[in-house]
Amino acid sequence: MEGQKLLIDGQRLRETLERFADFGRTSNNGVTRLSLSEEDRQVRDYFCECCKELGMEITIDDLGNIYATLPGIEDKAPILMGSHLDSVKKGGRFDGVLGVVAGLEVVRTLVENKVVPRLPLTIVNFTNEEGARFEPSMMSSGILSGKFDKEEMFKKTDASGITFGEALRAIGYEGKQKARLNDARAFLELHIEQGPILEQESLSIGVVECVVGMVCYEWEVLGESDHAGTTPMPLRKDALFTAVDMMMELRNKLTKLDKELVYTMGRVNAEPNIHTVIPDRVVFSLEARHKDPKVIQEVENIIASVQESFSGKECEVKNRKLWGRDTVMFDEALCGALEKSAESLGYSYKRMVSGAGHDAQFIASMVPTAMVFVPSINGKSHSEVECTEWEDCEKGVNVLLETVMELQSK
Ligand SMILES: [Zn+2]
């Protein structure tokens, strides 16, 4: 078939993405489709309908994950494609749903061209990737891979006190545990980048080699509250000024560490937070992400050294590690296959890392996994303005199709 590649139908892909966005579309052309909501039920029903029309078999596991399978010539472990259909509140039309609709478009292309794959093809929709209604995010892939406990997760409640388990039953998507994903030849997740790198470098395709590891710390600075007008400066124990000095020292040191390191002090609380009172307590977070565990270790060394240098001064300082996660490397052979596909289609691409979490990072512990990114306009996501050029969506799905075809022949 060299020279006459199978290509997807870009117009159909676009129409399908817009059709899926109808389920929970907001007035600003974004999407609110919280996990296990009425909108989620409707989009699931529609997805299943589309798959059945293609002769795919639908199974649903006990976590509400949907698997739609196109049988292959050989009854072997399938090639898995997919992502998630849930969104954050006032999210976009591409996050997650692109990966599911991509699977649909791949299968539609094969069926329309009367190509029966050697290996079965399964499209998967993972329940509650976003964690916007029920924390944590990536809940179902986390349970599948043994990272989270099912019973504990089923008791998680939303803002109105409904548990995950109740919501799952209410929308009629609680299936059987034996339907869970166990074996697959590969899992390929196409997703929007959710960052600005591909757009800035004018590239169409990102071959994602890992989801970066991270650490998250919380700092606490304790001073003394006094009157803002009557306490001379040298006699103060101002927790906020100490915290600011610490933040600057952390920033200076972390910035020099590695140009690919990203770090954030996203949460700050000053108490009592009154303009006439010297702050006596400040709590702030520091999280840092990098693919190399050695760099993360350096971050932790810096944290220890800043702690050391501020100890025994005017304020008491403490820190504690809230949590961390190791870098998840994707399957090297699959990354190579994705690169080869992009190359053979004549698309510009690069290898990159994912700073955000995805279901693929958990599934990677179960089956060979890799991800494809397409550019996000202005790097925006988790927002109604989230957008990706249709042409880039099309290219991403063509890379997926090409790779699926390539895996057939091995
Ligand atoms: Zn997503």
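Residues numbered from 1 in each chain as written. Predicted model: local features only at pLDDT ≥ 70, side-chain atom pairs only at ≥ 80, totals over all residues. Heavy atoms only, no water.

## Comments concerning the environment of serine 160
By secondary structure assignment, the location of serine 160 is in the loop between α5 (150-154) and α6 (164-170). Among the residues examined, serine 160 registers a relative accessible area of 59% and is labelled exposed. Each C-alpha atom of the pair serine 160 and glutamate 174 lies 21 Å from the other, and the pair is 14 residues apart in sequence. (Helix = DSSP H or I, 4+ residues; strand = E, 2+ residues; numbered from the N terminus. Buried < 20%, exposed > 50% of the residue type's maximum accessible area, 1.4 Å probe, protein only.)

## Focus: the coordination of the zinc ion
The zinc ion binds to the protein through His84 (NE2), Asp95 (OD) and His191 (NE2); the donor distances cover 2.0 to 2.2 Å. Each donor residue of the zinc ion belongs to the same chain, with the gaps between them written as H-x10-D-x95-H. Residue histidine 84 is located in the loop between β3 (79-83) and α3 (97-112), and its partner aspartate 95 is located in the loop between β3 and α3; the two are separated by 11 residues in the primary sequence. Across this residue pair, the class does not change: histidine 84 and aspartate 95 are buried. (Donors = N, O, S within 2.8 Å, 3.2 Å for Na, K, Ca; no water.)

## A short note on the pattern of salt bridges
The full count for this structure, using the stated rule, is 32 salt bridges. A salt bridge links aspartate 22 to arginine 25; its shortest N-O distance comes to 2.9 Å. For arginine 25, a relative accessible area of 30% gives the class partly exposed. Of the charged contacts, one joins arginine 41 and glutamate 38 as a salt bridge, the two residues approaching to 2.7 Å between their closest N and O atoms. Of this pair, arginine 41 and glutamate 38 both sit in helix α2 (residues 38-53), 3 residues apart, which is roughly one turn of that helix. Where salt bridges share partners, they join Glu18, Arg19, Asp22, Arg25 and Arg93 into one cluster. (Salt bridge = Lys/Arg side-chain N within 4 Å of Asp/Glu carboxyl O.)

## Focus: the nonpolar core
Residues Phe20, Phe47, Leu121, Ile123 and Phe330 are the most contacted members of the largest nonpolar core, which totals 87 residues. If you tally residues by element for this core, the top one is α3, at 9 residues. Beyond its immediate chain neighbours, meaning those up to four positions away, leucine 121 contacts Met56, Ala68, Thr69, Leu70, Ile79, Met81, Val106, Val107, Leu110, Val404 and Gln408. (Core = buried A, V, L, I, M, F, W, Y, C linked by side-chain atoms within 4.5 Å. Contact = heavy atoms within 4.5 Å.)

## Let's talk about the state of the cysteines
Counted under the stated rule, the structure contains 0 disulfides. For the unlinked cysteine cysteine 216, the closest cysteine sulfur is that of cysteine 210, found at 19 Å. This cysteine, cysteine 387, is not joined by any disulfide, and cysteine 393 carries the nearest cysteine sulfur, 7.8 Å off. Using a relative accessible area of 23% as the deciding quantity, one classes cysteine 387 as partly exposed. (Disulfide = S-S within 2.5 Å.)

## As for the side chain of aspartate 62
Following the sequence through the fold, aspartate 62 ends up in the loop between β1 (57-60) and β2 (66-70). Once you skip the residues sitting within four places of it in the chain, aspartate 62 turns out to touch Lys150, Phe154, Leu168, Glu174, Gly175, Lys176, Gln177 and Arg180.

## Concerning helix α1 (residues 10-21)
The first and last C-alpha atoms of α1 sit 17 Å apart over 12 residues, in line with the 16 Å expected at 1.5 Å per residue. Along α1, the positions that sit buried rather than exposed are Gly10, Arg12, Leu13, Thr16, Leu17, Phe20 and Ala21. On its buried side, α1 packs onto α2, α3 and α12 (390-408). Sitting at the head of α1, aspartate 9 places a side-chain oxygen 3.1 Å from the backbone nitrogen of glutamine 11. (Expected span 1.5 Å × (residues − 1). Polar contact = N/O pair within 3.5 Å; in protein donor to acceptor, adjacent residues only side chain to side chain.)

## Some words on the pairing of strand β14 (residues 369-374)
Burial within β14 is extensive, with 6 of its 6 residues counted as buried. Burial along β14 is two-sided: the residues Thr369, Met371 and Phe373 and Ala370, Val372 and Val374 are all buried. Examined bridge by bridge, strand β5 (residues 186-192) and β14 share 6 bridges and lie parallel to one another. By the bridge assignment for β14, glutamate 189 is matched with methionine 371. (Pairing = 2+ DSSP bridges.)

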